[in-house]
Every structure is written in structure tokens, then in C-alpha cells.
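Next come the chains, spelled out residue by residue.
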Amino acid sequence: QLQLVESGGGLVQPGGSLMLSCTTSGFSLAEWTVGWFRQAPGAVREGIACISKRTGDTFYSDSVLGRFGISRDNAKNTAYLHMNNLRPEDTAIYYCAVERYSYAQAMCIIGNDIEAWGKGTQVTVSS
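Residues numbered from 1 in each chain as written. Predicted model: local features only at pLDDT ≥ 70, side-chain atom pairs only at ≥ 80, totals over all residues. Heavy atoms only, no water.

*Asks:* Looking at this structure, how should I read the pattern of salt bridges?
*Replies:* When their charged atoms lie close together, side chains carrying opposite charge are able to pair. Under the criterion given, the structure shown has 4 salt bridges. Here Lys53 makes a salt bridge to Glu31, at a shortest N to O gap of 3.1 Å. Remark: Glu31 occurs in the loop between β3 (18–25) and β4 (33–39) and Lys53 occurs in the loop between β5 (46–51) and β6 (58–60); sequence separation between them is 22 residues. For Asp90, the salt bridge goes to Arg67, with nearest N and O atoms at 2.8 Å. Remark: Arg67 occurs in the loop between β6 and β7 (68–73) and Asp90 occurs in the loop between β8 (78–83) and β9 (92–99); sequence separation between them is 23 residues. You'll find Asp90 and Arg67 in the same group, each marked buried. Salt bridges here are not isolated pairs; linked through shared partners, they connect Arg38, Glu46, Arg67 and Asp90. (Salt bridge = Lys/Arg side-chain N within 4 Å of Asp/Glu carboxyl O. Helix = DSSP H or I, 4+ residues; strand = E, 2+ residues; numbered from the N terminus. Buried < 20%, exposed > 50% of the residue type's maximum accessible area, 1.4 Å probe, protein only.)

Here it is in C-alpha cells:
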């Protein structure tokens, strides 16, 4: 059973920060590439941050580059998304997902081998 659970979403003011967590249930995270995707109302789903098991292999979309950071703690079976300087356009449902053999960029851009998705957590940026 491949299960992922996101947490940490909520309401935050523009310019604020938030950290999301993604924890596996029923399997170890260590051998998987992990990605964060988001979907805003009326918009297409986009891969915004991905990290593979290879050291230093991360990818960020242009929309979040320099503001967001992805990390992982395999011992805790958890991946994180650190979000800084949040903007109203960051408002979306955020999902985590895993692929087994992907480089970070491949997962975020292509994402055609995703094997499990979390159910999502809502992030709302508003004053």
C-alpha cells in the first residue's frame, strides 16, 4: 500500500511563510523521488518542487524558484516544502507524490510515472 499524507496547509498573509509535510504510510521513502505539485482554481496542475534520492538533485519551477525549498528526511519517511515570501497567486491545493526512478526535473516536468498521490492540503495566501 502506497499512501502519502500531507499536512501544514492553512491561511497565511502575503509575505508570510509556511511549511508543508508529506509522510509515507506503509512504505519507506528512501528509494523514491518526491515531488510537490499544486493546482490553483481554474489552472492546470504544475510540478513546483521535486527531489530525488541523489544528493543535490532538486528542481524548482520558475514560479517558486528562490522562495520555496524542498527537503527530505528518510529516517522519518517525510518530505518537506518550505515556502517563504508567499504571494496570493500561490493559493492552491498542494499535493505530494512519488516516483521510483526519476530525476527531479523529470518528475516535475513530465510526471508520467507517478505511483502514489496524497490527497492534498489547501494553502490560501490572503490579507
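*Asks:* I keep staring at the nonpolar core and nothing clicks. Help me out?
*Replies:* Considering soluble globular proteins, one finds that nonpolar side chains tend to be buried as a cluster. One finds Trp36, Leu81, Met83 and Tyr94 to be the most contacted residues of the largest nonpolar core, which totals 28 residues. For this core, the secondary-structure elements that each account for two or more residues are β3, β4, β5, β7, β8, β9 and β11 (121–125). Per-element accounting of this core gives the leading share, 4 residues, to β9. Counting residues in hydrophobic clusters, the runner-up holds 8 residues, among them Phe37, Cys50, Ala104 and Cys108. (Core = buried A, V, L, I, M, F, W, Y, C linked by side-chain atoms within 4.5 Å.)

*Asks:* Is there a simple way to explain the pairing of β9 in this structure?
*Replies:* Sheet faces and side chains relate simply in a regular strand, where the side chains alternate between the two faces. Counting buried residues in β9 gives 7 out of 8 residues, a clear majority hidden from the surface. Inspection of the sheet shows β4 paired to β9 by 7 bridges, in the antiparallel sense. Looking at the pairing, Val34 lines up with Val98 of β9. Sheet topology places β9 next to β11; 3 bridges connect them, and they run antiparallel. (Pairing = 2+ DSSP bridges.)

*Asks:* Help me understand the state of the cysteines in this model?
*Replies:* Two cysteines joined by a covalent bond between their sulfur atoms form a disulfide. For the coordinates displayed, the defined rule picks out 2 disulfides. The residue that forms a disulfide with Cys22 is Cys96, at a sulfur-sulfur distance of 2.1 Å. Torsion about the S-S bond of the Cys22 and Cys96 cystine: about 70°, corresponding to right-handed handedness. Of this pair, Cys22 sits in strand β3 while Cys96 sits in strand β9; the two residues are 74 residues apart in sequence, bridging distant segments of the chain. Under the relative-accessibility criterion, Cys96 is labelled buried at 0%. Shown here is the disulfide that connects Cys50 with Cys108, its sulfur atoms set 2.2 Å apart. In this structure the cystine formed by Cys50 and Cys108 twists about its S-S bond by roughly 100°; its chirality is therefore right-handed. Of this pair, Cys50 sits in strand β5 while Cys108 sits in helix α1 (residues 104–109), placing them 58 residues apart in sequence. Under the relative-accessibility criterion, Cys50 is labelled buried at 0%. (Disulfide = S-S within 2.5 Å.)

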